[in-house]
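An overview of the molecular structure
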Amino acid sequence: MGMSRIYVLERNKLVQRKVLRILTCTGAEVIQSEDPAELSRHLDSSPAVLCADAVDIATVSDVLQSHPMLRGLVWTASKTDPLLGEAEHTERLDFLLGRDGKDAAPREWELLYLVRRLLGGESPGLGALLAWGYTGFKELVHNPTQRDACVEGVVRFCQKLNMPGRVQEMFAELSHELLMNAMYDAPVDSSGRPKYSQDRKAQITLEPEEAATIRCASDGMRMVISVSDPFGRLPRRAVFGGMARGLRGGEMDQRNGGAGLGMMYIYRASAIAIFEVMPGVRTQVTSVYEIDTNQREFRNLPRSVHFFGDR
Amino acid sequence: MAPDESPETGPGGKLKVTKIVEGDIMCLRFIGTIDEDFHGKSIAEGVKGTLIVDLAEVKRISSFGIREWVDFIKAVEQNTHSIYFIECSPKIIDQFNMVANFGGRGKILSFYAPYRCDYCDDDRRRLVQVDESQELIKNMSLPDVPCDSCGNPEYFDEDPTSFFTYLASQDAVETDPAVANFLAAKLDYRVSDAARRLRADKVVEEATFIRLAGDIDINFPREKLSEGLEGEVVIDLSAVGRVDDEGAVEWTAFSQLVSRECKVYLRDCQPGFVEKVFTADALAGRVEVLSFFMPFKCPSCGYSGAQRVETLEHYDVLKFATSPEFNCPECGTVGPSIASEEFLATLSNLVPPTASKALIEFAERANDKLLKPAAAAQQAGYVLPVAAAPATGRAVGLATVVAVLVSLAVVGGVGWWIYSRLKTEKDIIYDEGGRIVSKEKKPPWFVSWEKTLSEKKIEFGLADELNVSTEGGKIYVIGYSFAAAEREEAEARAREAALERLVHHLADSMKDRLWRQAVLEQYAQERRRLLRDLAAAVQKKDGLATNRARKVVWDRRIAVTSALQAGSRAFKKPAEEVYFQQLELQQGSSRVTRYRFWVRLAVPVAEAAKLMAQYVEPVKIESQKVSLLDFFPGLAWVYDDVKHGAIVLGVEDGSPWKDSVTPGNLLVTCAEIPIKGPDKFKEVVDERIDFLKTKGGKVECLSKSPRESRQVGYAVAKVEEPRPRVITRPGTPGMTGTGPSNVNTWDDPTQ
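Quick look at the structure, then. None of these values were measured; they are calculated from a predicted model.

**What about the packing of helix H7 (residues 165–185) of chain A against helix H9 (residues 261–269) of chain A?**
Residues and elements named next belong to chain A. Packing of H7 against H9 brings their axes to within 10 Å, and their N-to-C directions diverge by 140°. Taken together, the axis directions place H7 and H9 in an arrangement best described as oblique. Both H7 and H9 take part in a crossing whose hand is left-handed. For the pair formed by H7 and H9, the contact residues are Met-170, Glu-173, Leu-174, Glu-177, Leu-178 and Asn-181 on the first element and Gly-262, Tyr-265, Ile-266 and Ala-269 on the second. Among the residues making up the contact of H7 with H9, the classes are represented as 6 nonpolar, 2 polar and 2 charged.

Dropping the structure here:
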């Protein structure tokens, strides 16, 4: 049975009105509430999406635990950092949306994109994240030489867009980080054993069917970098847990997948980070950046982190 | 090895690590990307003593690179007693904030703050010295600064709370003097004055041992240091940083003074000292050199450091001004010093030292005695305060005395020389000291000026009081430039400074009270303020403020001289003498050339009087009942966009300007026509009044004062043309025209 219902828990009427209008455009039944107690009366066991302000994170956590068919989506006008820990420990709280201020709704295209996909839509590709008419490039990466060339390609792409040097370097680091994960951490042999993760300094050559794919595109206002691998092995805990660990100062924790520094890089370099995992088929990590944001604003910008996947 | 790899480059060629070693101190400079190709542990091998890590050019760092980096830091911590990070790029500051233990127990001495000018859409970075910016760091706030290109404010482009997290938590940093000397002497980094002040520690036993640490400059306390010296004296110079020209002169005087009473042996002289001081004069008499250092770079592995030379051991080679061969301490390759020809030439002044074995052993013991407390303190995790003298055994600390003397000298003046050593951002041209490579002989007037500057300890900015003298019916003025990259620019700046000084001298010589009020007092205070600002910025060692203040002073001087040349009918180019210095200095890895100029003008008093006559004789405009003066060039200090005008000297009762202008106001335009002097004012205003009489209106002039700019003037009534008036007489209503019953009469104002 597919999802066809959206619950909205939002106390701010300004935000509520706008969110309801956007969500109505998904074609789903939208049930709104300003009071957690009232929300509980509406909930049933059918698959649905629960959208709420982060101020009600405790209610969202409780409701997600007691309703296994619900997927959680929370928006925040403050720093997203504390929500990462909540997401790590709350199953199905997979979508954290940053927004401009307390009276601002989340970005309409982002909200629509997420809910449409939750209601059963396929991944619409990078085009959905950019204005029509965007430009970009796509490369397959098999070895470190190609990786480095792609990283420099990203820098050149940023230079063409006249982006500040610091942002260029940030994207260079981000693309390098994403490609390293796709090339060294993702590949496994037929018995599921990691092939290359033991030595990240090794000069490897991926088989054609193992190759990582990088896409980089922009419409002049937003920049998107996406890297995918054909393995689909990125666990949910590595995403939210990794970021949370990274924020705690990069303490080394090998049991749970390293220090989280890699995830931290992705988190810090993205206005919106989207992780899509189809086990055994594909992992795709997409970073969206709003080009006109200066670094000072960007540091304090509430980030969005989304995880599509089963694990 | 890939073709583009230098010996210091990692396997991927993305990171270059260069090494500079001097005794116990090593500097590693990282350039490029720290990622999986960075082999932290292998680079850490061989690092010991004090490590300085230069991170200015780290562009990227990956998460795996961070792991390698943390391993590198863990490894070097085991073998070093101090780690300092200098010129950390914003990227690196991010890592300090994000990653626990990124810097181990190392201290950040300086970092680059990212700045942005939205108007130019440009990102820049500005170097911040931690010890000088503790308040700003604790308050987590860096001020806006004017953009170098457009002048609009550019802002600190980071979230201060995030950016300063680590820096604000770092304990106050005091740089070990030896490290400060290394930074200043070997890397040409700016370090605080406190860290560079000369200190002297003395051990008196069977002979006297003095250990000097810091810079040798004009403040060198030669008399204090020579007091009470007798017998054999060994002076250790291993911790001496920069030696400038004036320091070299002071040193020569000191050695000549001391060698009258004592036999002096110099040991471990640094290359900078050798270059400046190994002259025949300084080594004359009873001064001998036991050992010194020569610069060395291994042609094979790239190791860079100074090599110690025992004079006696190598004398047969040195006397021919040639370098001994050295073994590279890293790879063993044999090669000569990379010392310059000038350096090698100085070696021919050496004589074979005659020190006894017992004296050399005493010097070793005394040196150990002085160094041990410092080393122990460093092992314990703290640094000896710069001015604190260790008192062990018979070690007598002169440090406090010297520090007081030096600080008095610094506070009291000689700011110009301090300024000449200032350096903050590499891209900005400062007077950075450096080595004089020009062979120009100092002319007597320059020597005398320099001597007086030193003796009177006149502060920079106020030093211009010294720059004027009158002798033999001539006025002499001296102007000097800061170091500039272009020779022509330096010369032009010096000439402008001299001309401006002449202008101000002439103004200040005027006795007329009204003139002084209307002209001199309008700008003199501002002139003094700007020069004081510059002096204060120099003394505070605020590089950015110095640069800004210097630019303002420069701009105003240019404006003054331009106004002089544009406006004065009596201006004749004075005779001049020029002296210049060509300087070579190290900036990062490259050598740069700078020029400093001094221009001395000689103006006959009669010529000066003729020049001033144009400006001091008022023109009385009878019709307006005002007295005006020609625009005086000195006013460009307060009106940098004006080169002409008429200065109001007096306004008589009954003047139409009585209510709108006051003495000192500068009338610049009238009806948008420029007023080039009092005569032009009269001409323009008279024409304007004639015109306004036909229709009425206001005579308006743009009047400026240092504080405001406004339109002033007065109304001119329309003067009616005499016209015929029709008088209709009673009893003849309805009659028109000029018939016999109507009389046309003209208005008669007397009726």
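**With respect to the pairing of strand S8 (residues 222–229) of chain A**
Residue and element names in this part refer to chain A. Most of S8 is tucked away, with 7 of its 8 residues classed as buried. Across 6 bridges, strand S7 (residues 212–218) lies against S8 in antiparallel orientation. Bridge pairing links Ile-214 to Val-227 in S8. Here S7 folds back onto S8, and the loop between the two strands holds 3 residues, one of which, Gly-220, carries a positive phi near 95°. Alignment of S8 against strand S10 (residues 282–290), held across 8 bridges, turns out to be antiparallel. Looking across to S10, one finds that Arg-222 is bridged to Glu-290.

**Side note on the sheet that holds strand S5 (residues 93–98) of chain A**
Backbone-to-backbone hydrogen bonds join strands into a sheet, with any given pair of strands oriented parallel or antiparallel. All names here are of chain A. Here we have 11 strands laid out as an open sheet, ordered S2-S1-S3-S4-S5-S11-S9-S10-S8-S7-S6, and mixed in their pairing. At either end of the open sheet lies a strand with only one pairing partner, and these are strand S2 (29–33) and strand S6 (135–141). Going from strand to strand, the sheet's axes swing by 15° on average, the running direction of each strand aside.

**Let's talk about the interface of chain B and chain A**
On the side of chain A, 23 residues touch chain B, which itself brings 19 residues to the contact. Looking at the side of chain B that touches chain A, the elements that each hand over two or more residues are strand S3 (49–61), helix H2 (63–79) and strand S6 (110–117) of chain B. The dominant element in the side of chain B that touches chain A, judged by the number of residues it contributes, is H2 of chain B, at 3 residues. Here the residues of the side of chain B that touches chain A are counted per class, giving 6 nonpolar, 3 polar and 10 charged.

Conventions adopted
Residues numbered from 1 in each chain as written. Chains lettered and ligands numbered in written order. Predicted model: local features only at pLDDT ≥ 70, side-chain atom pairs only at ≥ 80, totals over all residues. Axes fitted to C-alpha atoms, helices over the stretch in contact; angles between N-to-C directions. Helix = DSSP H or I, 4+ residues; strand = E, 2+ residues; numbered from the N terminus. Parallel < 35°, antiparallel > 145°, perpendicular 65-115°, else oblique. Left-handed = near helix turned anticlockwise from the far one by under 90°. Contact = placed C-beta atoms within 7 Å. Nonpolar A, V, L, I, M, F, W, Y, C, P; charged D, E, K, R; others polar. Buried ≥ 20, exposed ≤ 12 C-beta atoms within 10 Å, placed from the backbone. Pairing = 2+ DSSP bridges.

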